[in-house]
Amino acid sequence: MDLCTTVDVTIEPGRRALVGTGIAVALPVGTVGLIHPRSGLAAKYGLSVVNTPGTVDAGYRGEIKVCLINHDPDRAVELRRGDRIAQLLVQRVELVDFVEVGSLDDTSRGAGGYGSSGGHAGLVKEGS
Ligand SMILES: O=c1ccn([C@H]2C[C@H](O)[C@@H](COP(=O)(O)OP(=O)(O)OP(=O)(O)O)O2)c(=O)[nH]1
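It should be emphasised that the depicted structure is a prediction, and the values quoted were computed from it without experimental measurement.

**Topic: the UniProt feature "domain: dUTPase-like" (unreviewed entry) in the protein**
Next, step 1: UniProt records the feature "domain: dUTPase-like" (unreviewed entry) at residues 2-118, using the numbering of this structure.
Next, step 2: As annotated, residues 2-118 comprises 6% helix and 36% strand, and the C-alpha atoms at either end are separated by 37 Å.

**A closer look at the pattern of salt bridges**
Next, step 1: Within the structure shown, the criterion is met by two salt bridges.
Next, step 2: Between Arg84 and Asp2 there is a salt bridge; the shortest N-O distance is 2.6 Å. On the criterion of sequence distance, the pair formed by Arg84 in strand β9 (residues 84-92) and Asp2 in strand β1 (residues 2-4) is long-range, its members being 82 residues apart.
Next, step 3: The exposure class assigned to Arg84 is partly exposed, which follows from its relative accessible area of 43%.
Next, step 4: Residues Arg80 and Glu78 are paired through a salt bridge, measuring 3.3 Å at the closest nitrogen-oxygen approach.
Next, step 5: By relative accessible area, Arg80 is classed as partly exposed at 40%.

**Concerning the environment of Val93**
Next, step 1: With respect to the helices, strands and loops of the structure, Val93 is situated in the segment after β9.
Next, step 2: A sequence separation of 61 residues divides Val93 from Val32, and the C-alpha atoms of the two residues are 6.6 Å apart.
Next, step 3: The residues touching Val93, leaving out its near neighbours within four places in the chain, are Gly30, Thr31 and Val32.

**Some points on the sheet that holds strand β4 (residues 31-37)**
Next, step 1: Taken together, four strands build an open sheet; the order of strands is β1-β9-β4-β6 and the sheet is antiparallel. In the strand order of this sheet, the two ends are held by β1 and β6 (54-56), each with one partner. Averaged over all pairs of adjacent strands, the angle between strand axes in this sheet comes to 35°, irrespective of strand direction.
Next, step 2: The sheet contact formed by β4 and β6 spans three bridges and is antiparallel. Counterpart to Gly33 in the pairing with β6 is Val56.

Rules used throughout
- Residues numbered from 1 in each chain as written.
- Predicted model: local features only at pLDDT ≥ 70, side-chain atom pairs only at ≥ 80, totals over all residues.
- Heavy atoms only, no water.
- UniProt positions renumbered as here; feature names shortened; annotations may be inferred.
- Helix = DSSP H or I, 4+ residues; strand = E, 2+ residues; numbered from the N terminus.
- Salt bridge = Lys/Arg side-chain N within 4 Å of Asp/Glu carboxyl O.
- Buried < 20%, exposed > 50% of the residue type's maximum accessible area, 1.4 Å probe, protein only.
- Contact = heavy atoms within 4.5 Å.
- Pairing = 2+ DSSP bridges.
- Axes fitted to C-alpha atoms, helices over the stretch in contact; angles between N-to-C directions.

Structure representation (structure tokens):
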């Protein structure tokens, strides 16, 4: 579902703005709302969502707001009330009970992350 701004707003290059959508929802327990940027506005204006994807808890009953950011280094983004600024996806989530343990099982990845699998010249391991 597309989300629209309830206000006119101009976002200068590199700046952000929290805008209301006028929408409140009661999501079923076991689901989550995810606020994603719109690809068209991202490609054309550099407009995105700061905390993408924004998380709307199932228990949240307030107005959904979107924290927009203008990544364009030169041009301001002008938005008018009613413009579609982001999109809301609803997904099922696992409801888990976390259990504290002393160690974790082994996997082929182990603790490697943040480029440890390579794939780019700038990701070579230290010392190699
Ligand atoms: O882009 C967003 C993200 C969140 N929310 C609303 C719904 C969500 O359920 C609530 C809290 O969001 P989150 O848990 O991400 O915020 P927090 O900074 O951790 O605040 P809190 O302490 O209120 O949980 O704010 C929005 O309207 N838009």
